[in-house]
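# Summary of structural features
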Amino acid sequence: MSQHLIVGSGPVGSLTALKLAEAGDTVRIVSPSGKGPEHPAVERIALDANDTDALTAAAEGAATVFGTAMTPYHLWPETMPQLYSSILTAAECSGADYVLLNNLYGYSDTSGPISESTAFEPTTRKGRVRAAMWHEAKAAHDAGRVRATELRAGQFLGAGAVAAFAWLTAPKVVAGELALVDGDPDAPHSLSYIGDVADALIALARNERSYGRAWNAPVITTTVREAAARLAELHGAPAPRLSQVTERDFALLAVLAPMFGEFPEMAYMVDEPFTVDDSAIRDTFGLKASSLDEALAS
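If you're wondering where the values come from, they're calculated on a predicted model, not measured in any experiment.

Another point: the overall build of the protein. Looking only at helices and strands, the protein has 10 helices and 12 strands in total. Out of the 298 residues in the protein, the part that is buried amounts to 53%. Taking as baseline every contact in the protein between residues at least 6 positions apart, the subset at least 24 positions apart corresponds to 72%. For the protein, the centre of its 22 positive side-chain charges and the centre of its 37 negative side-chain charges are spaced 2 Å apart.

The next subject is the packing of helix 3 (residues 76–94) against helix 4 (residues 125–142). Put simply, helix 3 and helix 4 touch, their axes get as near as 10 Å, and they point 15° apart. Our classification of the angle between helix 3 and helix 4 gives roughly parallel. Two packed elements cross with a definite hand, and for helix 3 against helix 4 that hand is right-handed. Judged by residue contacts, Trp76, Pro77, Met80, Pro81, Tyr84, Ser85, Leu88 and Glu92 of helix 3 engage Arg125, Lys126, Val129, Arg130, Met133, Glu136, Ala137 and Ala140 from helix 4. Looking at the contact of helix 3 with helix 4 residue by residue, the classes come out as 10 nonpolar, one polar and five charged.

In spatial order, the strands read 7-9-11; together these three strands make up an open sheet with mixed pairing. Two strands in the sheet have a free side with no partner beyond their single neighbour: strand 7 (155–157) and strand 11 (220–222). Pairs of neighbouring strands in the sheet enclose a mean axial angle of 45°, with direction left out of account. The pairing of strand 7 with strand 9 (residues 189–193) spans three bridges and is classified as parallel. Each residue of the ladder has a partner; that of Phe156, found in strand 9, is Ser192.

The biggest cluster of nonpolar side chains holds 52 residues, and the ones touching the most others in it are Leu5, Val7, Leu55, Val65, Tyr84, Ile87 and Tyr98. For this core, the secondary-structure elements that each account for two or more residues are strand 1 (3–7), helix 2 (52–58), helix 3, strand 5 (97–103), helix 4 and helix 5 (164–175). When residues in this core are grouped by element, the largest group, eight residues, is from helix 3.

The subject of this paragraph is the pairing of strand 9. Along any regular strand the residues' side chains alternate between the sheet's two faces. Taken across its five residues, strand 9 has five buried, putting it largely inside the fold. Here strand 9 shows no split at all, with His189, Leu191 and Tyr193 on one side and Ser190 and Ser192 on the other all buried. Pairing between strand 9 and strand 11: three bridges, direction antiparallel. Its bridge partner lying in strand 11, His189 is registered against Thr222.

On to the packing of helix 1 (residues 11–22) against helix 6 (residues 194–206). Here helix 1 crosses helix 6 at 60°, and the two axes come no closer than 9 Å. With respect to helix 6, the element helix 1 is oriented oblique. You can see that helix 1 and helix 6 cross each other, and the crossing is right-handed. Contacts from Pro11, Val12, Leu15, Thr16, Lys19 and Leu20 in helix 1 reach Ile194, Gly195, Val197, Ala198, Asp199, Leu201, Ile202 and Arg206 in helix 6. Of the residues that constitute the contact of helix 1 with helix 6, the class distribution is nine nonpolar, two polar and three charged.

A cluster of nonpolar residues, Met70, Val162 and Trp167, forms a patch on the protein surface that exposes about 260 Å² of accessible area. For Met70, the location among the structural elements is in the loop between strand 4 (64–67) and helix 3. Among the residues examined, Met70 registers a relative accessible area of 43% and is labelled partly exposed.

Let's shift gears to the packing of aromatic side chains. Aromatic ring pairs are reported here in terms of the distance separating the ring centres and the angle at which the planes meet. A full pass over the atoms with the stated rule returns 11 aromatic pairs. Measuring from ring centre to ring centre gives 5.8 Å for Tyr73 and Phe263, while their planes differ by 75°; the resulting arrangement is edge-to-face. Here Phe263 lies in the loop between helix 8 (247–256) and helix 9 (279–285) and Tyr73 lies in the loop between strand 4 and helix 3, a separation of 190 residues in the sequence. With respect to burial, Tyr73 and Phe263 carry one shared label: buried. Just above the ring of Trp76 sits the side chain of Arg130; from NZ or CZ to the centre is 4.5 Å. When the ring centre of Phe120 is taken as origin, the NZ or CZ atom of Arg152, which lies over that ring, is 3.5 Å away.

Before going further, it helps to examine the side chain of Glu262. Along the chain, Glu262 turns up in the loop between helix 8 and helix 9. Side chain to side chain, Glu262 and Lys126 meet in a polar contact 3.0 Å long. Aside from chain neighbours lying at most four places away, what touches Glu262 is Tyr73, His74, Arg125 and Lys126.

All told, the structure shown has 18 salt bridges when counted by the stated rule. Taking the shortest distance from any N to any O, the salt bridge between Lys19 and Asp199 comes out at 3.0 Å. Residue Lys19 is found in helix 1, and its partner Asp199 is found in helix 6; the two are separated by 180 residues along the sequence. Look at Lys19 and you get partly exposed, because its relative accessible area is 27%. Judged by relative accessible area, which is 33%, Asp199 ranks as partly exposed. As a salt-bridge pair, Arg125 and Glu262 come within 2.6 Å of each other at their nearest N and O atoms. Here Arg125, found in helix 4, pairs with Glu262, found in the loop between helix 8 and helix 9; they are 137 residues apart in sequence, far enough to count as distant. Ionic contacts of the salt-bridge type, sharing partners, join the residues Arg125, Lys126, Glu262 and Glu265 into one network.

Conventions adopted
Residues numbered from 1 in each chain as written. Predicted model: local features only at pLDDT ≥ 70, side-chain atom pairs only at ≥ 80, totals over all residues. Heavy atoms only, no water. Helix = DSSP H or I, 4+ residues; strand = E, 2+ residues; numbered from the N terminus. Buried < 20%, exposed > 50% of the residue type's maximum accessible area, 1.4 Å probe, protein only. Contact = heavy atoms within 4.5 Å. Lys, Arg positive; Asp, Glu negative; His and termini not counted. Charge placed at Lys NZ, Arg CZ, Asp CG, Glu CD. Axes fitted to C-alpha atoms, helices over the stretch in contact; angles between N-to-C directions. Parallel < 35°, antiparallel > 145°, perpendicular 65-115°, else oblique. Left-handed = near helix turned anticlockwise from the far one by under 90°. Nonpolar A, V, L, I, M, F, W, Y, C, P; charged D, E, K, R; others polar. Pairing = 2+ DSSP bridges. Core = buried A, V, L, I, M, F, W, Y, C linked by side-chain atoms within 4.5 Å. Patch = residues over 30% accessible without salt bridge, like charges linked within 9 Å, V, L, I, M, F, W, Y side chains within 5 Å. Areas by Shrake-Rupley, 256 points an atom, 1.4 Å probe, with all protein chains shown as cover. Salt bridge = Lys/Arg side-chain N within 4 Å of Asp/Glu carboxyl O. Phe/Tyr/Trp six-rings, centres within 6.5 Å; stacked < 30°, edge-to-face > 60°. Lys NZ or Arg CZ within 6 Å of the ring centre and 35° of its normal. Polar contact = N/O pair within 3.5 Å; in protein donor to acceptor, adjacent residues only side chain to side chain.

As structure tokens, then:
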């Protein structure tokens, strides 16, 4: 039985905590609200992870520190670097291994299936924030201060997913109404089901071979149109009607929610094909992605 600290109680962090607890481990899950899954082996802690001393105390005795937290999307450049420096420091000071959940924003090359050998050289503000998180962790690993690894996931699918498809498209599809789409609905994209992401984080934490490098998470490659059609069928809804969101639309939506004003910066990831090669994590750890139907049914 091992003890773990998870920073972030969103869908992935909470599901990872629950899976670890059900496997017999004990978990502390930290978030500003103190929320998290209810399980006898999960301790929920209300804590600002920017308080490095308090976070280090919470990490005491942990075999692994998982970084799964996310600050408000429109505030990433101002808030994410400090937060993840604090999480890394807590892992270092406590002697725990560090497993970082990241995304695909660091990849700017969309010319073919993206593997871990594709240059992680972003051209966007949010991409640079995400890449810097890994570069800092990798430098600490290379210096012998901590054992670190990273999981790079695509746009999330699944219950509670924080993603454009979940916010803009899915609810309207289920309701049989005109649904908005971020990007080209017919361009193939690699998506990550949150259950697969949680399984992959745990696999990386438990395997010596994972540390010192980054891994692409298992992905489901599909189009928004295909995902919307299958979602409608699963819910007995009519065939979806889709409308691509324009930059002007996002400017209007940003009046209600500032995060939408940030979407155009990442348009290159959704306006054209953006697919991922996940063979490394599949071949090394025997992981595989769930089916599209399994992800949508959740």
